[in-house]
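Observations on chain architecture
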Amino acid sequence: MSELSLERGLAALRAEIDAPVAAFFSSCVRCGLCAQSCPFYLETGDPRYTPILKLEPLRRVWEAEFTLWGRIKRWLGLGQEVSDAMLAEWEPLVYDSCSLCGRCSMVCPVGNDLVYMIRKTREGMVQSGHAPEGLVAASVRAIRTGSPMGLQWKTLAVQIQHVERSTGLTVPVDRAGAEYLVMLSSMEIINFPEYLEAITRIFDHAGVRWTLSTQCFEATNAGIQIGSKDIAAELVERVVVAASALGVSRVISPECGHAFTAIRWEGPNLIGRPYPFRVFHIIEVLDELRRDGRLHTEGKEADRLSMHDPCNLARKSGVIGEQRALMDLVAEHFVDLDEHGRFQWCCGAGGGVSSNERAEPLKLAAFKRKKAQIEAVEPERMVTMCATCRTQLEEGLEEFNMDIPVVGLTEMIAEHLVERPAAEPEPGTESGQPA
Amino acid sequence: MNGAMEFLLWTKGPMFQIALGIFAVGMLARLFEILLLGRATNHAEARAGEWLPGLRTVFTRTIPDPGTFRRAPFDVLVGWIWHLGFIIVLLLSVPHVELVAGVFGVSWPTLPNPVIDLLTAITLAGLVAALLHRLLHPVKRRISIPQDYLVWALTFAVVLTGYLAYHRLVDPYPLALGMHILSAELLLICLPFTKLTHIFTTVFARWYNGAAFGRKGVRS
Ligand code: HEM
Ligand code: HEM
Ligand code: SF4
Ligand code: SF4
């Protein structure tokens, strides 16, 4: 990125304005109901965190440059300008207090898709040099090393060895002609290596032809979180190149919410063309295997389980029934949280909030919504399917001294697979879980 | 008396034409301003179409989800009550229907005067409640701009002057009726340039919302 400036920021905001944005701003009646949908407002009580207010920079550009009345006002010197100081003031509103959860978009009575516009506003923040340090650093690392955490293939190679030792199975790497290319997130590789082990077992069990790619294994997208189309497109392009090189027909997103919306919904638009493959979340793939009768499980979890829907998976991507069908397969006592599915509450860590150290107190505050929901249902364990949500739930529950372990759904499925009769000579040996 | 009559004739004649003209041209311009911006082509594989989910949301967004209703029952109820009162009085009261019948020659059934009277009073009370809420609720106070109070005053004035005229509470009568008609005209004039555009643009906003979510397989 070359010189960031107010002018570039304004140009970026201008470029983001389309008919939906104009219809939304024209319709806002300033009723404030969107605040009642936002965990950051509800848990802090601070009216600055009202969703529509977070959009004030974009709204001003729209009014001044895209409405007749606004042009007249500007000409009369009555317009409200967007200044550098204003953008600096808005930076914590646009980033720290918004996890891009999309709940406000479901609640606004006139139908404003607020999260669509917050995502757009971030483009202007980046170009004007008002993005949080943590996110800038993650984006730079992602572009330079391929991973927002600076993780390299050799770390993953060690994990692969562990998985192969404990499962006795081969983890396919760079296998051309496989049906599925599995993408991972650095967070998963470091914090939840059991995920890779689980899919290795499940895919072996179901006879799925899959592969990892040494060319590109990371599909989280720091560019989407910070709000930079250039960075986001570059990161998506890497996945497309890797998938095309191996000739796969399907790509599986990491178990990471924003990575899924990035590659599934934004990706083709970022690179300006449709993909030569289809994109799925692992939960969609598992449910398809279940429907096709390719998942044979035995036994069920006996304790009281509840589930956290990742915003990006449920509300923002329509994967809602699939995880419940899978739960039924392996859980005896599953209870949903009161507001779930498309009306679930965010864990508080999404949209780049967890990569932005400054937002730490707000992240914990927003989690209190989730905490209250969990307390109302009193589960013995929580199940989820996003590495960021899972980390946030674990940390949050610990912070409040709640003894509720958090488990991944994919891992839970893997634990209930019927042993295949004499698949490989060597079943799971001593080595156990890699640390 | 003479001045009042002239005033009434002015509101019914030239002023009415001006207001209608500004409203029609202004609102058309606003709609073009919005729709001509268009949308970028979406290359992501869709889960479902856009049209039906979009239309669905145009209607369903009128009723809040149960959680939001529980968190903000006052907002929802007050908004509903005064909007309904306003629209019913506008469309189903005897003087208004007679007015349309006189100009266009079409008419439809009306509600009895005492009912309209009651609805008018409820609408006025609802608007007062909405204003108090705007002044007292921390979120509403924070996001409100002067225009919100102007729009409120215009809306309130139309209903109030109608009520005053009907009950002959202002003397002379032509002044009362003239004030009512003038306030309706001011509302029309301001409509394209304030948040009153939501009367027309809400349909588009909801459609875009429903279409975007619907495409991804989510009911919104
Ligand atoms: C004659 C027609 C209408 C007028 C004069 C009108 C006027 C207003 C005004 C003044 C407000 C702001 C209230 C406040 O300050 O608290 C408002 C709010 C609102 N309007 Fe309308 N409106 C009309 C029609 C509609 C229609 C057709 C819709 C939807 C399809 C709608 C949806 C809303 C909503 C959702 C709110 C926010 C909730 C509230 O504050 O009541 N309105 N309207
Ligand atoms: C725009 C929204 C309007 C609203 C909300 C409104 C409201 C009212 C109300 C509340 C009344 C009293 C009804 C009663 O208490 O029974 C009324 C009466 C009346 N309105 Fe309107 N009005 C509107 C527009 C208009 C317009 C544009 C005209 C004429 C150009 C008009 C002409 C009248 C007349 C002639 C009466 C009867 C007064 C009487 O009985 O002496 N109104 N209106
Ligand atoms: S809920 Fe919608 S109409 Fe109400 S203030 Fe928020 S964006 Fe505006
Ligand atoms: S997307 Fe979620 S966090 Fe962001 S403003 Fe809307 S409700 Fe709040």
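Since the structure is predicted, the reported quantities are computational estimates derived from the model, not experimental observations.

Residue and element names in this part refer to chain B. Within the protein, His96 (NE2) and His180 (NE2) serve as the donor atoms for the iron atom of ligand 2, at 1.9 to 2.0 Å. Around the iron atom of ligand 2 sit six donor atoms, and with donor-metal-donor angles ranging over 89 to 179° the site reads as octahedral. Within this pair, whereas His96 is found in helix H6 (residues 94–104), its partner His180 is found in helix H10 (residues 173–190), the two being separated by 84 residues in sequence. On the basis of relative accessible area, His96 is assigned to the partly exposed category, the value being 24%. With relative accessibility at 14%, the residue His180 sits in the buried group.

Let's shift gears to the UniProt feature "transmembrane region" (unreviewed entry) in chain B. Residue and element names in this part refer to chain B. Per the UniProt record, "transmembrane region" (unreviewed entry) is annotated on residues 15–37, 76–95, 115–137, 149–166 and 186–208. As annotated, residues 149–166 has a helix share of 100% and a strand share of 0%, and its two end C-alpha atoms lie 26 Å apart. Along residues 186–208, the helical share is 70% and the strand share 0%, with 30 Å between the first and last C-alpha atoms.

This next bit is on the site of ligand 3. Lining the immediate environment of ligand 3, one finds 13 residues, of which Cys28(A), Cys31(A), Gly32(A), Cys34(A) and Cys108(A) sit closest. Of the residues belonging to the shell around ligand 3, the class tally is 10 nonpolar, two polar and one charged.

Looking now at the coordination of the iron atom of ligand 1. Residue and element names in this part refer to chain B. Around the iron atom of ligand 1, the protein contributes the donor atoms His83 (NE2) and His198 (NE2), at 2.0 Å from the metal centre. The coordination sphere of the iron atom of ligand 1 comprises six donor atoms, whose angles at the metal cover 87 to 179°; the geometry is octahedral. With His83 in helix H5 (residues 73–92) and His198 in helix H11 (residues 198–215), this residue pair connects regions lying 115 residues apart in the sequence. With a relative accessible area of 34%, His83 lands in the partly exposed category. The class for His198 is buried, based on a relative accessible area of 16%.

As a further point, take the interface of chain A and chain B. Taken together, the contacts link 61 residues of chain A with 51 residues of chain B. Summed over both partners, the interface of chain A with chain B comes to about 4600 Å²; 57% of that surface belongs to carbon and sulfur atoms. Residues Glu339(A) and Arg71(B) are paired through a salt bridge, measuring 2.9 Å at the closest nitrogen-oxygen approach. In this structure, the connection of chain A to chain B is made through 29 residue pairs in polar contact (both at pLDDT 80 or more). Contributions of two or more residues to the side of chain A that touches chain B are made by helix H2 (19–27), helix H3 (39–44), helix H4 (51–54), helix H5 (56–66), helix H6 (68–75), helix H8 (103–107) and helix H16 (257–271) of chain A. Ranked by the residues each element gives to the side of chain A that touches chain B, the list is headed by H2(A), at seven residues. The class makeup of the residues in the side of chain A that touches chain B is 32 nonpolar, 13 polar and 16 charged.

Residue and element names in this part refer to chain A. Inspection of the entire model under this criterion finds 42 salt bridges over all chains. As a salt-bridge pair, Arg273 and Glu237 come within 2.8 Å of each other at their nearest N and O atoms. One end of the pair, Arg273, is in the loop between H16 and strand S4 (278–281); the other, Glu237, is in helix H15 (residues 229–246), and 36 residues separate them in sequence. Accessibility expressed as a relative area gives 35% for Arg273, which makes it partly exposed. The class for Glu237 is partly exposed, based on a relative accessible area of 27%. Of the charged contacts, one joins Arg381 and Asp303 as a salt bridge, the two residues approaching to 2.7 Å between their closest N and O atoms.

Attention shifts here to the site of ligand 2. Residue and element names in this part refer to chain B. Around ligand 2 there are 22 residues in total, and His96, Asp117, Arg168, Tyr173 and His180 lie nearest to it. Tyr173 places a side-chain nitrogen or oxygen 2.3 Å from an oxygen atom of ligand 2. Contact between ligand 2 and His180: a nitrogen atom at 2.8 Å from a side-chain N or O atom of the residue. If you list the elements that add at least two residues to the shell around ligand 2, you get H5, H6, helix H7 (113–136), helix H9 (146–166) and H10. Sorting elements by how many residues they give to the shell around ligand 2 places H9 first, with six residues. Across the shell around ligand 2, the residue classes break down as 16 nonpolar, four polar and two charged.

A few words now on the layout of surface pockets. Over the atoms a probe the size of a water molecule is rolled, and this reveals where empty space is left. Approximately 1100 Å³ is the volume attributed to the second largest pocket. In this structure, the second largest pocket is lined by 38 residues; those nearest its centre are Tyr116(A), Lys120(A), Glu266(A), Asn269(A) and Asn42(B). Looking at the lining of the second largest pocket, the elements with two or more residues in it are helix H1 (6–16), H2, helix H9 (114–127), helix H14 (222–226) and H16 of chain A together with H11 of chain B. With seven residues, H16(A) is the single largest residue contributor to the lining of the second largest pocket.

Take the side chain of Lys363(A) next. All names here are of chain A. Tracing the backbone shows Lys363 in helix H19 (residues 360–377). Given the relative accessible area of 8%, Lys363 is considered buried. In this structure Lys363 touches Cys347, Gly348, Ala349, Val353, Ser354, Gln392 and Glu395, once residues within four positions along its chain are discounted.

Next up on the list: the environment of Glu419(A). Residue and element names in this part refer to chain A. With respect to the helices, strands and loops of the structure, Glu419 is situated in the segment after helix H21 (409–415). The exposure class of Glu419 is exposed, given its relative accessible area of 66%. The spatial distance from the C-alpha of Glu419 to the C-alpha of Glu298 is 9.2 Å, given a sequence separation of 121 residues.

All names here are of chain B. One can describe the packing of helix H2 (residues 14–35) onto H10 by two numbers: an axis separation of 8 Å at closest approach and a directional angle of 20°. When the axes of H2 and H10 are compared, the pair comes out roughly parallel. Seen along the crossing, H2 lies across H10 with a hand that is left-handed. Contacts from Met15, Phe16, Ala19, Leu20, Ile22 and Phe23 in H2 reach Leu182, Glu185, Leu188 and Ile189 in H10. Here the residues of the contact of H2 with H10 sort into nine nonpolar, no polar and one charged.

Our next topic: the sheet that holds strand S1 (residues 180–182) of chain A. Within a sheet, each strand pairs with its neighbour through backbone hydrogen bonds, oriented either parallel or antiparallel. Residues and elements named next belong to chain A. Taken in spatial order, the four strands line up as S2-S1-S3-S4 in an open sheet, and their pairing is parallel. The two strands at the open ends of the sheet, each matched to only one other strand, are strand S2 (210–211) and S4. In this sheet, strand S3 (residues 250–253) lies alongside S1 in parallel orientation, the contact comprising three bridges. Across the sheet, residue Tyr180 finds its bridge partner in S3, namely Arg250.

Quick notes on the rules
Residues numbered from 1 in each chain as written. Chains lettered and ligands numbered in written order. Predicted model: local features only at pLDDT ≥ 70, side-chain atom pairs only at ≥ 80, totals over all residues. Heavy atoms only, no water. Donors = N, O, S within 2.8 Å, 3.2 Å for Na, K, Ca; no water. Tetrahedral: all angles 85-135°; square planar, octahedral: opposite > 155°, others 65-115°. Helix = DSSP H or I, 4+ residues; strand = E, 2+ residues; numbered from the N terminus. Buried < 20%, exposed > 50% of the residue type's maximum accessible area, 1.4 Å probe, protein only. UniProt positions renumbered as here; feature names shortened; annotations may be inferred. Near = heavy atom within 4 Å. Nonpolar A, V, L, I, M, F, W, Y, C, P; charged D, E, K, R; others polar. Contact = heavy atoms within 4.5 Å. Buried area = accessible area lost by both parts, 1.4 Å probe. Salt bridge = Lys/Arg side-chain N within 4 Å of Asp/Glu carboxyl O. Polar contact = N/O pair within 3.5 Å; in protein donor to acceptor, adjacent residues only side chain to side chain. 1 Å grid on protein atoms, 1.4 Å probe; cavity = no way out; pocket = protein on both sides within 12 Å on 5 of 7 lines; lining within 4 Å. Points joined across faces, edges and corners; volume = space filled by probe spheres on them. Axes fitted to C-alpha atoms, helices over the stretch in contact; angles between N-to-C directions. Parallel < 35°, antiparallel > 145°, perpendicular 65-115°, else oblique. Left-handed = near helix turned anticlockwise from the far one by under 90°. Pairing = 2+ DSSP bridges.

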